[in-house]
Amino acid sequence: MADLLWDDAKCFFDPDVMGSLPDVRVPDASVEDWQAVLDLVAEKGWASQYSEGGTVLPVPRAEAVLSRPADAECPELRVWPTAGVLAIFRFHAADEVDFDVDLRELQGQERLDVFCDFVGQVGRLLGKPVLMDPEGDEGHPVIGFDVEADRVVLLANPQVG
């Protein structure tokens, strides 16, 4: 059974409404949570690529990435949970696991299911909510993994249109 139905959620996957790269985040995180996500990517065998300043490197330990100098370029980890669906993790701060997804890749029920599965795996692993905000509008989540419900749910009312 799908966490969300496309007809109920599609307005939140409209790049013209949400921005093409909405912000997905796990608040109240830790270095240990970041490491757990890195371990999950390796365990699942998801295609991935870690880079710093455009240079591709082996994936370091989360502690090493998050303890870099403040003026260093922000590293990123690109993860493909399935072909054609990309999540880009950015290591801005230890207290929030954050990544972007491209809504243009998340069109239709099949891709929505991939997104929900990916977000659900991260949320279950960490035992924390995973929230998706419109691009540049942090603090106003529209979709998220609900720990109690153990599924991805709508957190805002879909626009009627």
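Residues numbered from 1 in each chain as written. Predicted model: local features only at pLDDT ≥ 70, side-chain atom pairs only at ≥ 80, totals over all residues. Heavy atoms only, no water.

Draft legend 1. Spotlight on helix 5 (residues 109-126). Compared with an ideal rise of 1.5 Å per residue, which puts 18 residues at 26 Å, helix 5 spans 26 Å between its outermost C-alpha atoms and is within 8% of the ideal. A positive backbone phi angle near 65 degrees is found at Gly127, which sits one or two residues after helix 5. (Helix = DSSP H or I, 4+ residues; strand = E, 2+ residues; numbered from the N terminus. Expected span 1.5 Å × (residues − 1).)

Draft legend 2. Molecular detail of the nonpolar core. Within the largest apolar cluster, 44 residues are counted, with the highest numbers of intra-cluster contacts made by Phe13, Phe89, Phe115 and Ile143. In terms of residues, this core owes the most to one element, helix 5, which gives seven residues. For Phe115, the contacting residues outside a window of four places in its chain are Phe13, Val24, Val101, Leu106, Met132 and Ile143. (Core = buried A, V, L, I, M, F, W, Y, C linked by side-chain atoms within 4.5 Å. Buried < 20%, exposed > 50% of the residue type's maximum accessible area, 1.4 Å probe, protein only. Contact = heavy atoms within 4.5 Å.)

Draft legend 3. Quick look at empty space enclosed by the protein. The full count for this structure, using the stated rule, is one cavity of 30 Å³ or more. Taken as a whole, the largest cavity encloses approximately 30 Å³ of empty space. Lining the largest cavity are Pro81, Val85, Leu86, Ala87, Val101, Phe115 and Phe118. Among the elements of the structure, strand 5 (85-93) and helix 5 are those that each provide at least two residues to the lining of the largest cavity. (1 Å grid on protein atoms, 1.4 Å probe; cavity = no way out; pocket = protein on both sides within 12 Å on 5 of 7 lines; lining within 4 Å. Points joined across faces, edges and corners; volume = space filled by probe spheres on them.)

Draft legend 4. Highlighting the packing of aromatic side chains. Inspection of the entire model under this criterion finds nine aromatic pairs. On the numbers, 5.9 Å between centres and 45 degrees between planes, the contact of Trp6 with Phe13 is tilted. Each member of the pair Trp6 and Phe13 is classed as buried. Aromatic pair Phe99 and Phe118: ring centres 5.6 Å apart, planes at 85 degrees, arrangement edge-to-face. (Phe/Tyr/Trp six-rings, centres within 6.5 Å; stacked < 30°, edge-to-face > 60°.)

Draft legend 5. Fine view of the sheet that holds strand 9 (residues 151-154). Ordered in space as 3-2-4-5-6-1-7-8-9, the nine strands form an open sheet in which the pairing is antiparallel. With one partner strand each, in any of the chains shown, strand 3 (55-57) and strand 9 form the two edges of the open sheet. Along the sheet, successive strands turn relative to each other by an average axial angle of 30 degrees, direction set aside. Taken together, the four bridges between strand 1 (residues 23-26) and strand 6 (residues 96-101) define a ladder with antiparallel strand orientation. Looking at the pairing, Arg25 lines up with Asp98 of strand 6. Lying over the sheet, helix 3 (residues 31-44) contacts strand 2 (47-52), strand 4 (76-82), strand 5 and strand 6, oriented at roughly 155 degrees with respect to strand 5. Here helix 5 sits on the sheet and contacts strand 1, strand 4, strand 5, strand 6, strand 7 (130-133), strand 8 (143-146) and strand 9; the angle it forms with strand 8, its principal contact strand, is near 45 degrees. (Pairing = 2+ DSSP bridges. Axes fitted to C-alpha atoms, helices over the stretch in contact; angles between N-to-C directions.)

Draft legend 6. Examining unusual backbone geometry more closely. We note that Asp28 has phi near 55 degrees; this positive angle belongs to a residue other than glycine. Relative to the assigned elements, Asp28 resides in the loop between strand 1 and helix 3.

Draft legend 7. Structural detail: the side chain of Arg25. Note on placement: Arg25 falls in strand 1. Its relative accessible area of 9% is what places Arg25 among the buried residues. Side chain to side chain, Arg25 and Asp133 meet in a polar contact 2.4 Å long. Not counting residues within four places of it along the chain, the set of residues in contact with Arg25 comprises Glu96, Val97, Asp98, Pro129, Val130, Leu131, Asp133, Glu138, Gly139 and Pro141. (Polar contact = N/O pair within 3.5 Å; in protein donor to acceptor, adjacent residues only side chain to side chain.)

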